[in-house]
Amino acid sequence: MIDPVDDLASVRAATERLLNAAAALDNAAAAGPSRLPGWSRGHVLAHLARNADALVNVLEGRPMYPSAEARETDIERDATRPLAAQLDDVRESGERFQAAAAADADWSRTVQLRNGVKDTAARVPFRRLIEVELHHVDLGIGYELEDLPAGFTERETGFLAERFHGHRDVPATTVAVASGGRSWTTGGGAAGGPLTVRGTAADLLGWLAGRRDGAALEVTGGPLPVLPPL
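Rules of the game
- Residues numbered from 1 in each chain as written.
- Predicted model: local features only at pLDDT ≥ 70, side-chain atom pairs only at ≥ 80, totals over all residues.
- Heavy atoms only, no water.
- Helix = DSSP H or I, 4+ residues; strand = E, 2+ residues; numbered from the N terminus.
- Rg over C-alpha atoms; globule rule 2.2 N^0.38 Å.
- Contact = heavy atoms within 4.5 Å.
- Areas by Shrake-Rupley, 256 points an atom, 1.4 Å probe, with all protein chains shown as cover.
- Lys, Arg positive; Asp, Glu negative; His and termini not counted.
- Charge placed at Lys NZ, Arg CZ, Asp CG, Glu CD.
- Expected span 1.5 Å × (residues − 1).
- Buried < 20%, exposed > 50% of the residue type's maximum accessible area, 1.4 Å probe, protein only.
- Arc of directions from axis to C-beta.
- Core = buried A, V, L, I, M, F, W, Y, C linked by side-chain atoms within 4.5 Å.
- Phe/Tyr/Trp six-rings, centres within 6.5 Å; stacked < 30°, edge-to-face > 60°.
- Pairing = 2+ DSSP bridges.
- Axes fitted to C-alpha atoms, helices over the stretch in contact; angles between N-to-C directions.

Chemist: Hey, could you run me through the overall build of the protein in this one?
Modeler: In terms of helices and strands, the protein carries eight helices and six strands. Traced from its N-terminal end to its C-terminal end, the protein shows the element sequence α-α-α-α-α-β-β-α-α-β-β-β-α-β. In terms of C-alpha radius of gyration, the protein reaches 18 Å, essentially the compact-globule figure of 17 Å for 230 residues. Along the three orthogonal principal directions, the C-alpha set of the protein runs to about 50 × 40 × 30 Å. Within the protein, contacts between residues separated by at least 24 positions form 55% of all contacts whose residues are at least 6 apart in sequence. Element-wise, carbon and sulfur atoms account for 53% of the exposed surface of the protein, whose accessible area totals about 11000 Å². Where the 24 positive side-chain charges of the protein centre and where its 32 negative ones centre are 3 Å apart.

Chemist: Where do I start with helix α5 (residues 83-102) in this structure?
Modeler: Structurally, the α-helix is built with 3.6 residues per turn, so residues lying three or four positions apart point the same way. Under the 1.5 Å per step criterion, the end-to-end length of α5 is 29 Å for 20 residues, consistent within 8% with the ideal 28 Å. For α5, every residue scored as buried is listed here: Leu83, Gln86, Leu87, Asp89, Val90, Ser93, Gly94, Phe97, Gln98, Ala100 and Ala101. Mapping the buried residues of α5 onto a view down its axis gives an arc of 165°, with all of them on the same face. Turned more than 90 degrees from where α5 packs its buried face, Ala84 and Ala102 sit exposed.

Chemist: I tried to follow the nonpolar core on my own but got confused; where do I start?
Modeler: A general trend in soluble globular proteins is that nonpolar side chains are found buried together. Counting 62 residues, the largest nonpolar core has Phe97 and Leu148 as the members making the most contacts within it. Listed by contribution, the elements that provide at least two residues to this core are α1 (4-22), α3 (41-59), α5, α6 (124-138), α7 (150-163), β3 (171-177) and α8 (201-208).

Chemist: Looking at this structure, how should I read the packing of aromatic side chains?
Modeler: Note on aromatic pairs: each is described by the distance of the centres and the angle between the planes. One pass over the structure, following the stated rule, counts two aromatic pairs. Ring geometry for Phe126 against Phe152: centres 5.9 Å apart, planes inclined by 50°, an arrangement best described as tilted. Placement of the pair is Phe126 in helix α6 and Phe152 in helix α7, with a sequence separation of 26 residues. Phe126 sits in the buried class, given a relative accessible area of 4%. By relative accessible area, which is 5% here, Phe152 ends up buried. Summarising the aromatic geometry, the rings of Phe126 and Phe159 are spaced 6.0 Å apart at their centres and angled 70° between planes, so their arrangement reads as edge-to-face. Highlighted residues: Phe126 in helix α6 and Phe159 in helix α7, separated in sequence by 33 residues. An aromatic cluster of three or more residues is present, and its members are Phe126, Phe152 and Phe159.

Chemist: Whenever I open this one, the sheet that holds β3 confuses me. Can you help?
Modeler: The pairing of strands in a sheet comes from backbone hydrogen bonds and takes either a parallel or an antiparallel form. Read from one edge of the open sheet, four strands run β4-β3-β5-β6, paired in mixed fashion. Single-partner strands in this sheet number two, and they are β4 (183-186) and β6 (218-220). Here the average twist between neighbouring strands, direction ignored, is 20°. As paired elements, β3 and β4 share four bridges and run antiparallel to each other. Bridge pairing links Val175 to Trp184 in β4. Where α8 meets the sheet, it contacts β3 and β5 (190-199), and its direction lies at approximately 150° from that of β3.

Function-wise, these values are silent; they only describe arrangement.
Here it is in C-alpha coordinates:
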(Lines give C-alpha, C1' and ligand atoms only; values in the text may rest on other atoms or scores of the structure.)
Protein backbone atom coordinates (compact mmCIF):
# COMPACT_ATOMS: atom_id res chain seq x y z
CA MET A 1 0.00 0.00 0.00
CA ILE A 2 1.16 3.51 -0.83
CA ASP A 3 1.08 5.84 2.17
CA PRO A 4 2.02 9.33 0.93
CA VAL A 5 1.92 10.83 4.43
CA ASP A 6 4.39 8.24 5.70
CA ASP A 7 6.51 8.78 2.58
CA LEU A 8 6.61 12.51 3.26
CA ALA A 9 7.97 11.81 6.73
CA SER A 10 10.60 9.55 5.17
CA VAL A 11 11.52 12.30 2.70
CA ARG A 12 12.02 14.74 5.56
CA ALA A 13 14.23 12.28 7.47
CA ALA A 14 16.26 11.38 4.37
CA THR A 15 16.75 15.05 3.52
CA GLU A 16 18.04 15.81 7.01
CA ARG A 17 20.37 12.81 6.79
CA LEU A 18 21.78 14.08 3.51
CA LEU A 19 22.11 17.68 4.71
CA ASN A 20 23.90 16.64 7.90
CA ALA A 21 26.35 14.50 5.94
CA ALA A 22 26.98 17.14 3.27
CA ALA A 23 27.55 19.82 5.92
CA ALA A 24 30.86 18.12 6.75
CA LEU A 25 32.19 19.00 3.29
CA ASP A 26 33.97 22.19 2.32
CA ASN A 27 33.68 24.23 -0.87
CA ALA A 28 36.48 22.30 -2.57
CA ALA A 29 34.86 18.94 -1.80
CA ALA A 30 31.49 20.22 -3.00
CA ALA A 31 33.11 21.16 -6.30
CA GLY A 32 34.76 17.74 -6.57
CA PRO A 33 33.44 14.87 -8.69
CA SER A 34 30.37 12.92 -7.67
CA ARG A 35 29.76 9.33 -8.71
CA LEU A 36 27.63 10.48 -11.63
CA PRO A 37 29.68 10.91 -14.81
CA GLY A 38 30.27 14.56 -15.63
CA TRP A 39 28.64 15.87 -12.47
CA SER A 40 30.28 17.44 -9.45
CA ARG A 41 28.75 17.13 -6.01
CA GLY A 42 27.47 20.64 -6.64
CA HIS A 43 25.57 19.38 -9.67
CA VAL A 44 23.94 16.68 -7.54
CA LEU A 45 22.92 19.18 -4.85
CA ALA A 46 21.63 21.66 -7.44
CA HIS A 47 19.62 18.91 -9.10
CA LEU A 48 18.08 17.89 -5.78
CA ALA A 49 16.94 21.45 -5.11
CA ARG A 50 15.52 21.99 -8.59
CA ASN A 51 13.82 18.57 -8.52
CA ALA A 52 11.98 19.56 -5.33
CA ASP A 53 10.68 22.69 -7.04
CA ALA A 54 9.80 20.67 -10.15
CA LEU A 55 7.70 18.29 -8.05
CA VAL A 56 5.93 21.30 -6.53
CA ASN A 57 5.00 22.18 -10.11
CA VAL A 58 3.72 18.64 -10.64
CA LEU A 59 1.57 18.72 -7.50
CA GLU A 60 0.15 22.13 -8.41
CA GLY A 61 -0.73 21.16 -11.97
CA ARG A 62 2.06 22.92 -13.87
CA PRO A 63 4.62 21.38 -16.22
CA MET A 64 7.40 19.72 -14.22
CA TYR A 65 10.08 21.72 -16.08
CA PRO A 66 9.61 24.48 -18.69
CA SER A 67 11.78 22.37 -21.03
CA ALA A 68 14.60 19.85 -20.95
CA GLU A 69 16.98 22.65 -21.84
CA ALA A 70 15.79 24.80 -18.93
CA ARG A 71 16.27 21.88 -16.54
CA GLU A 72 19.89 21.44 -17.62
CA THR A 73 20.57 25.18 -17.64
CA ASP A 74 19.29 25.60 -14.09
CA ILE A 75 21.47 22.76 -12.79
CA GLU A 76 24.58 24.15 -14.49
CA ARG A 77 23.80 27.64 -13.18
CA ASP A 78 23.49 26.47 -9.59
CA ALA A 79 26.21 23.79 -9.49
CA THR A 80 29.14 26.09 -8.70
CA ARG A 81 27.68 27.94 -5.73
CA PRO A 82 29.36 27.81 -2.31
CA LEU A 83 28.40 24.82 -0.19
CA ALA A 84 26.38 26.90 2.28
CA ALA A 85 24.20 28.23 -0.52
CA GLN A 86 23.73 24.73 -1.89
CA LEU A 87 22.62 23.33 1.45
CA ASP A 88 20.26 26.25 2.11
CA ASP A 89 18.70 25.68 -1.31
CA VAL A 90 18.22 21.94 -0.76
CA ARG A 91 16.66 22.64 2.65
CA GLU A 92 14.37 25.47 1.51
CA SER A 93 13.23 23.76 -1.69
CA GLY A 94 12.55 20.63 0.37
CA GLU A 95 10.31 22.64 2.67
CA ARG A 96 8.45 24.05 -0.33
CA PHE A 97 7.87 20.48 -1.51
CA GLN A 98 6.63 19.42 1.91
CA ALA A 99 4.21 22.36 2.03
CA ALA A 100 2.84 21.68 -1.45
CA ALA A 101 2.41 17.98 -0.71
CA ALA A 102 0.67 18.68 2.59
CA ALA A 103 -1.90 20.97 0.96
CA ASP A 104 -5.47 19.66 0.88
CA ALA A 105 -5.63 17.66 -2.34
CA ASP A 106 -6.89 14.40 -3.79
CA TRP A 107 -4.04 11.89 -3.58
CA SER A 108 -5.80 9.70 -6.15
CA ARG A 109 -5.63 12.34 -8.89
CA THR A 110 -3.42 11.83 -11.92
CA VAL A 111 -0.38 14.07 -12.30
CA GLN A 112 2.06 14.46 -15.19
CA LEU A 113 5.81 14.23 -14.83
CA ARG A 114 8.60 14.51 -17.41
CA ASN A 115 8.42 13.08 -20.93
CA GLY A 116 4.68 12.52 -20.73
CA VAL A 117 4.89 10.10 -17.80
CA LYS A 118 1.73 10.05 -15.69
CA ASP A 119 1.25 8.77 -12.16
CA THR A 120 -1.01 9.26 -9.17
CA ALA A 121 -0.28 12.13 -6.81
CA ALA A 122 0.10 9.58 -4.01
CA ARG A 123 3.31 8.26 -5.58
CA VAL A 124 4.99 11.66 -5.84
CA PRO A 125 6.39 11.62 -2.27
CA PHE A 126 8.03 8.25 -2.94
CA ARG A 127 9.46 9.59 -6.19
CA ARG A 128 11.03 12.41 -4.18
CA LEU A 129 12.35 9.91 -1.66
CA ILE A 130 14.08 8.04 -4.49
CA GLU A 131 15.80 11.25 -5.58
CA VAL A 132 17.05 12.08 -2.10
CA GLU A 133 18.21 8.59 -1.14
CA LEU A 134 19.96 7.61 -4.38
CA HIS A 135 21.58 11.00 -4.89
CA HIS A 136 22.89 10.87 -1.33
CA VAL A 137 24.72 7.73 -2.44
CA ASP A 138 25.82 9.52 -5.63
CA LEU A 139 27.56 12.21 -3.59
CA GLY A 140 30.20 9.64 -2.64
CA ILE A 141 30.59 10.85 0.92
CA GLY A 142 30.21 7.60 2.86
CA TYR A 143 26.54 6.73 2.35
CA GLU A 144 26.29 3.50 0.37
CA LEU A 145 23.51 1.41 -1.12
CA GLU A 146 23.95 -0.95 1.83
CA ASP A 147 23.08 1.96 4.17
CA LEU A 148 19.68 2.60 2.59
CA PRO A 149 16.68 1.67 4.74
CA ALA A 150 15.66 -1.92 3.96
CA GLY A 151 12.06 -0.94 3.27
CA PHE A 152 13.15 1.69 0.78
CA THR A 153 15.48 -0.74 -1.01
CA GLU A 154 12.70 -3.29 -1.39
CA ARG A 155 10.19 -0.74 -2.67
CA GLU A 156 12.61 0.88 -5.10
CA THR A 157 13.66 -2.51 -6.48
CA GLY A 158 10.00 -3.30 -7.13
CA PHE A 159 9.46 0.17 -8.62
CA LEU A 160 12.33 -0.30 -11.08
CA ALA A 161 11.30 -3.86 -11.94
CA GLU A 162 7.87 -2.46 -12.81
CA ARG A 163 9.47 0.29 -14.88
CA PHE A 164 11.33 -2.22 -17.07
CA HIS A 165 8.39 -4.64 -17.30
CA GLY A 166 7.70 -5.45 -20.94
CA HIS A 167 10.62 -3.32 -22.15
CA ARG A 168 11.60 -4.22 -25.69
CA ASP A 169 15.31 -4.41 -24.81
CA VAL A 170 15.00 -6.59 -21.69
CA PRO A 171 14.25 -10.35 -21.82
CA ALA A 172 11.95 -11.94 -19.27
CA THR A 173 13.88 -11.78 -16.01
CA THR A 174 13.28 -12.72 -12.40
CA VAL A 175 15.17 -10.55 -9.93
CA ALA A 176 15.64 -12.37 -6.62
CA VAL A 177 17.32 -11.55 -3.32
CA ALA A 178 19.86 -14.31 -2.74
CA SER A 179 19.09 -14.65 0.96
CA GLY A 180 15.62 -15.93 0.12
CA GLY A 181 13.79 -12.62 0.36
CA ARG A 182 11.57 -10.98 -2.22
CA SER A 183 11.64 -11.57 -5.96
CA TRP A 184 10.21 -9.60 -8.86
CA THR A 185 9.64 -10.19 -12.55
CA THR A 186 10.65 -7.66 -15.16
CA GLY A 187 11.41 -7.31 -18.84
CA GLY A 188 9.75 -9.68 -21.28
CA GLY A 189 9.81 -7.55 -24.41
CA ALA A 190 13.09 -8.88 -25.82
CA ALA A 191 14.03 -12.30 -27.11
CA GLY A 192 15.81 -14.67 -24.77
CA GLY A 193 15.26 -15.81 -21.26
CA PRO A 194 13.75 -16.54 -18.96
CA LEU A 195 16.63 -15.38 -16.81
CA THR A 196 17.11 -15.28 -13.06
CA VAL A 197 19.34 -12.63 -11.51
CA ARG A 198 20.27 -13.17 -7.84
CA GLY A 199 22.28 -11.07 -5.44
CA THR A 200 22.17 -9.00 -2.31
CA ALA A 201 19.41 -6.44 -2.03
CA ALA A 202 21.95 -3.62 -2.44
CA ASP A 203 23.60 -5.16 -5.52
CA LEU A 204 20.25 -5.81 -7.19
CA LEU A 205 19.12 -2.25 -6.58
CA GLY A 206 22.47 -0.90 -7.73
CA TRP A 207 22.18 -2.79 -11.02
CA LEU A 208 18.57 -1.81 -11.67
CA ALA A 209 19.27 1.82 -10.80
CA GLY A 210 22.41 2.06 -12.93
CA ARG A 211 24.69 2.50 -9.90
CA ARG A 212 26.52 -0.87 -10.19
CA ASP A 213 27.56 -2.94 -13.17
CA GLY A 214 26.07 -6.18 -11.90
CA ALA A 215 29.42 -8.00 -11.66
CA ALA A 216 28.51 -9.26 -8.18
CA LEU A 217 25.23 -10.81 -9.35
CA GLU A 218 24.61 -14.47 -10.21
CA VAL A 219 22.78 -14.97 -13.51
CA THR A 220 21.18 -18.18 -14.82
CA GLY A 221 19.54 -18.70 -18.19
CA GLY A 222 21.75 -16.34 -20.18
CA PRO A 223 23.94 -13.26 -19.85
CA LEU A 224 23.11 -10.37 -17.56
CA PRO A 225 20.77 -8.04 -19.48
CA VAL A 226 22.02 -4.60 -20.42
CA LEU A 227 19.42 -2.27 -18.96
CA PRO A 228 18.36 0.90 -20.77
CA PRO A 229 19.18 4.18 -19.03
CA LEU A 230 16.63 5.53 -16.58
